[in-house]
Amino acid sequence: MNGLGKNSPVVLSQSKANFDALIQRHGQYVRWRTVRKCPCIREETDQPEVNCEKCNGSGEIYDYQKFYNETLRLSVRDNILELPAENATCEVLKVYDAYGNEFQSVKLGDFVEITGGPRSLKQNDIVELLIRDTVVKHLERAVLESIGNGYYRVSGVETPPSKLEGVYYRAEGDVIAAERVENSVGEAIEIIGFRQDMIQVDPTIPQPETLTAYGVDYILPFKFVVLSQNLNKDDSLQLQIAMGDAVCTYPYMFNVGFGDVITILSGSMPGKTLLSHVSKDTDDIIPEFFVAKVDSIETQNSEYQEGKDFIIVGTNRLHWIGENKPDAGALMSINYQYRPTYRVAKNIPQLRTSEDQHIPRKVILKLFSAFQESRGVNQNG
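As a starting point, this report considers the structure included with it. These numbers were taken from a predicted model, which means no experiment stands behind them.

For the structure on display, the rule yields 12 aromatic pairs. Taking 5.0 Å as the distance between ring centres and 70° as the angle between the ring planes, the aromatic pair formed by Trp 32 and Phe 222 counts as edge-to-face. Remark: Phe 222 occurs in strand 16 (residues 222-227) and Trp 32 occurs in strand 1 (residues 28-37); sequence separation between them is 190 residues. We note that Trp 32, like Phe 222, is buried. A ring pair is formed by Tyr 336 and Tyr 338, whose centres lie 6.1 Å apart and whose planes are at 55°; its orientation type is tilted. A relative accessible area of 16% places Tyr 338 in the buried class. Here the aromatic cluster, defined as three or more aromatic residues joined through ring pairs, consists of Trp 32, Tyr 68, Phe 222, Phe 224, Tyr 250 and Phe 254. One cation-aromatic arrangement involves Lys 94 over Tyr 96; the distance from NZ or CZ to the ring centre is 5.1 Å. The ring centre of Tyr 29 lies 5.2 Å from the NZ or CZ of Lys 223, which sits over that ring.

Considering all chains together, one arrives at zero disulfides under this definition. Free cysteine Cys 40: the closest other cysteine sulfur is in Cys 38, separated by 3.5 Å.

Here we come to the pattern of salt bridges. The final tally for this structure, using the stated rule, is 13 salt bridges. Of the charged contacts in the structure, one is a salt bridge between Arg 73 and Glu 128, with a shortest N-O distance of 2.8 Å. With Arg 73 in strand 3 (residues 67-75) and Glu 128 in strand 8 (residues 126-134), this residue pair connects regions lying 55 residues apart in the sequence. The class for Arg 73 is partly exposed, based on a relative accessible area of 49%. By relative accessible area, Glu 128 is classed as buried at 14%. Salt bridges sharing common partners tie together Arg 36, Asp 63 and Lys 66.

Its place among the elements puts Gln 200 in strand 14 (residues 198-201). For Gln 200, a relative accessible area of 16% gives the class buried.

Before going further, it helps to examine helix 2 (residues 233-241). Where helix 2 is concerned, the buried positions are Asp 235, Gln 238 and Leu 239. One face of helix 2 carries all of its buried residues, which in axial projection span an arc of 100°. Summarising the geometry of helix 2, the exposed residues directed more than 90 degrees from the buried face are Lys 233, Gln 240 and Ile 241. The inward-facing, buried residues of helix 2 contact strand 17 (246-250), strand 26 (341-348) and strand 29 (361-367). With a side-chain oxygen lying 3.2 Å from the backbone nitrogen of Asp 234, the N-terminal cap of helix 2 falls on Asn 232. Of the residues one or two after helix 2, Met 243 is the one with positive phi, at around 50°.

All right, on to a nonpolar patch on the surface then. On the surface, a nonpolar cluster with roughly 240 Å² of combined accessible area is contributed by Val 106, Leu 108 and Phe 111. The residue Leu 108 is located in strand 6 (residues 102-108) in this model.

With three bridges connecting them, strand 18 (residues 261-264) and strand 26 associate as antiparallel partners. Within strand 26, the residue paired with Ile 262 across the bridge is Tyr 342. Sheet topology note: the strand 26/strand 29 ladder contains six bridges and is antiparallel. Following the sheet pairing, Lys 346 is matched in strand 29 by Ile 364.

So, how was this worked out
- Residues numbered from 1 in each chain as written.
- Predicted model: local features only at pLDDT ≥ 70, side-chain atom pairs only at ≥ 80, totals over all residues.
- Heavy atoms only, no water.
- Phe/Tyr/Trp six-rings, centres within 6.5 Å; stacked < 30°, edge-to-face > 60°.
- Helix = DSSP H or I, 4+ residues; strand = E, 2+ residues; numbered from the N terminus.
- Buried < 20%, exposed > 50% of the residue type's maximum accessible area, 1.4 Å probe, protein only.
- Lys NZ or Arg CZ within 6 Å of the ring centre and 35° of its normal.
- Disulfide = S-S within 2.5 Å.
- Salt bridge = Lys/Arg side-chain N within 4 Å of Asp/Glu carboxyl O.
- Arc of directions from axis to C-beta.
- Contact = heavy atoms within 4.5 Å.
- Polar contact = N/O pair within 3.5 Å; in protein donor to acceptor, adjacent residues only side chain to side chain.
- Patch = residues over 30% accessible without salt bridge, like charges linked within 9 Å, V, L, I, M, F, W, Y side chains within 5 Å.
- Areas by Shrake-Rupley, 256 points an atom, 1.4 Å probe, with all protein chains shown as cover.
- Pairing = 2+ DSSP bridges.

This is the structure we're talking about:
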């Protein structure tokens, strides 16, 4: 869960090729939320406005890094460059060679044509492309399936199947926007918000079991390497100085910074808590950022089953269904599985390039234990 096992032979090295191979084999799917200071913070006190609607009084606004710049090294064939499939929709910012000569170009679908420059390019000449790409994916149309309380899960918002034999895990992405939602007769349904791979509509208005969404934007989980042991000496020292819990290594094009929130999606840990049920018609919030599964809930008089008596909505809410509900004020003993969540405590300084190639970057992580639903970490919109 917290990285590679203690007997793993894998050691991170300053090589892009080695890192690419490592992340494909041992990288973990993570949910990464960037953080920025809210403009409501008072300069004289460095404290946020308690009633701020942007940050809910936390002083922090959570978002995603939607765009990134990357450098590609490609060979020329008849003045044509073929883009990798994963970069087919990118914007080409600049084309240049090893001597700094810049070339004019035009993008044609999956290809880039060289249209001019200070010299003629020969077959198999190597050039560099500076591109701007996005991590945001798009669905023109998606079927929504109700899971209760106005939450509808968007089908197709998950990582592709692993290429590794015996690995079947697929992680859900985050829906961040939708143009509209309609019922079967084409009536527009108001969108309340987005949480994880779900769209929320008004729960007080009865809706059918399925709806249709159009123009859905979503972000898939990122694949980073998170290690808590078997670190090299420099990283181990940095971890000790920062009193951190793990080191996260990630591709150079992403800007993971202080305060960002990273949730490990490919593993879970057991948790236990006691909660007082507020009322029969109120959701209960488990005090963890990301609950993967509820194993059991019991009170002094009854036991409750997931899928029959309650469901998990969002990332940590218990929504009660059916007639078997705890009494108002009843104390519930809850056993559950949660996905560990960290905050970035420190960036590890290092060179951005080595031997004319970009290398991965690293940060120190600390377990994010001070749960606050009001911070909006789990809200996608």
